[in-house]
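Examination of the molecular architecture
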Amino acid sequence: MTAHPHNPTSRWTLEELQQLHDLPLMELLFRAATVHRQYHDPNEVQVSSLLSIKTGGCPEDCGYCPQAARYHTDIEENALMTVEQVRTAAERAKGLGSSRLCMGAAWRNVRDDDEFDQVLDLVRTVNGLDMEVCATLGMLTPNQAERLAAAGLYAYNHNLDSSEEYYKEVISTRGYEDRLETIGNARRAGLTVCSGGIIGMGETVVDRLKMLLTLASLDPVPESVPINALVAVEGTPLEEQKPVDIFEMVRMIAVTRILIPSTTVRLSAGRKDMSPEGQALCFFAGAGSIFAGDKLLTTPNPEAFADMELFSALGLKPTQAYAKGERPTPGNDPGRPTEKQRIKWSRPGHRIERNEAKRK
Ligand code: SAM
Ligand code: DTB
Ligand code: SF4
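**What to know about the site of ligand 2**
- In the vicinity of ligand 2 lie 17 residues, with Pro226, Leu296, Leu297, Thr298 and Thr299 positioned nearest.
- At the level of elements, strand S2 (100–105) and strand S7 (224–229) are the ones that each hand at least two residues to the shell around ligand 2.
- For the shell around ligand 2, the per-class residue count stands at 8 nonpolar, 9 polar and no charged.

So, in structure tokens, the structure goes:
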């Protein structure tokens, strides 16, 4: 089918997407901005705050992540936060203009234990503050996704990070299929989906575009797509990666904007190193959301006053909570599955295959 930037039902081929990506920048920007204003108010930006509710000590080996226990990074580890700690942080974020709180935990997957019951309480608490509640807790079973939805969770963030091929270069402790399965579980439980990736990990433009094609093939497409520029943290395997060029970020945002017109494209990690002008270009290219607050999960983000100045200079308004969907009403918790129903998580085959190959 022929791709047309103004037709959301058109199917883009990789070649067409590559041509779009490589257009002269002014042409690409014009096309992206045109799509953006057809589907979104170009003067509104949704503001989310991140809160790391459980920090560090993660068993996974994601090469970009300062929270993986196996890398020697300088982060402060924290046990799961209490309801009171989260309420205080959420009220502060709301006071600074955030309509959504995204709670992150350094877990491979959620377990059916007391800590998960506590997370459900955290979700109920933030939902009660009339904020959109998002969580990113690692892999989820269908039952866990249903319990989160019943507690009033609005969105689940689970990133694809890169193309299926490049994913294996960066993470070996789980597979792409696992990611897609969790996204499906969140979707089937009625949660909205936030899924995107990271650029600047050494991947090619083709890897970036393949990831976008996978996101665009989800039915329905994610309600938000975060585009992160790698924050290269000392002690991680990706510590020496060069900073992402702002025009590469702008191109990535513009292509995402055109490929998935209905989604909210989130200009995510990496803003600390971007100038106000660079960020303005990202908004023009179709970014409709940011993470605000002086910290992302563990790394620094622009100060609140700098974002306020930027919004004021550009005439941007923060989007109201639940402007694009109804606030979920907390319902009955379906409860923990019985021992028999519990899902045992597997480790991906390629790790074992690699070890086998080494032995031979
Ligand atoms: N543990 C859960 C998981 O991995 O799904 C949730 C938390 S994890 C920190 C959430 C996302 O943060 C990752 O999928 C990745 O896209 C992003 N992220 C982590 N470290 C990053 C970094 N150094 N730079 C940019 N994005 C990063
Ligand atoms: C997303 O795509 N980016 C956010 C959020 N979803 C969870 C996380 C960025 C983390 C950056 C590294 C850190 O601060 O630890
Ligand atoms: Fe763990 Fe998530 Fe970090 Fe991977 S990205 S090491 S799963 S916290």
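**So, the nonpolar core**
- One finds Leu101, Leu153, Leu191 and Ile253 to be the most contacted residues of the largest nonpolar core, which totals 96 residues.
- Leaving out residues up to four positions away in the same chain, Leu101 has contacts with Ser49, Leu51, Ala90, Ala93, Val126, Met131, Val133 and Cys134.

**Concerning the pairing of strand S3 (residues 132–136)**
- Counting buried residues along S3, 5 of its 5 residues qualify, which places the element largely inside the surrounding structure.
- Side chains of S3 alternate between two faces, with Glu132, Cys134 and Thr136 and Val133 and Ala135 buried alike.
- Summarising the sheet, S2 and S3 pair through 5 bridges and their orientation is parallel. Bridge assignment links Leu101 to a residue of S3, and that residue is Val133.
- Between the parallel elements S2 and S3, the chain passes through helix H4 (residues 114–127) in a crossover that is right-handed.

**Some thoughts on the site of ligand 3**
- Taken together, Cys58, Glu60, Cys62, Cys65, Gln67, Ala68, Ala106, Arg108 and Gly138 make up the full set of residues adjacent to ligand 3.
- Residue classes in the shell around ligand 3 are distributed as 5 nonpolar, 2 polar and 2 charged.

**A word on unusual backbone geometry**
- With omega at 0°, the peptide bond leading from Asp219 into Pro220 counts as cis.
- Tracing the backbone through its elements, the reader meets Pro220 in the loop between helix H8 (205–217) and S7.
- Located in the positive-phi region is Asp161, a residue other than glycine, with phi close to 70°.
- Take Asp161: there are 23 C-beta atoms within 10 Å of it, and that puts it in the buried class.

Rules behind the numbers
Residues numbered from 1 in each chain as written. Chains lettered and ligands numbered in written order. Predicted model: local features only at pLDDT ≥ 70, side-chain atom pairs only at ≥ 80, totals over all residues. Near = placed C-beta within 6 Å. Helix = DSSP H or I, 4+ residues; strand = E, 2+ residues; numbered from the N terminus. Nonpolar A, V, L, I, M, F, W, Y, C, P; charged D, E, K, R; others polar. Core = buried A, V, L, I, M, F, W, Y, C linked by C-beta atoms within 7 Å. Buried ≥ 20, exposed ≤ 12 C-beta atoms within 10 Å, placed from the backbone. Contact = placed C-beta atoms within 7 Å. Pairing = 2+ DSSP bridges. Right-handed = clockwise from strand over helix to strand, strands pointing away.

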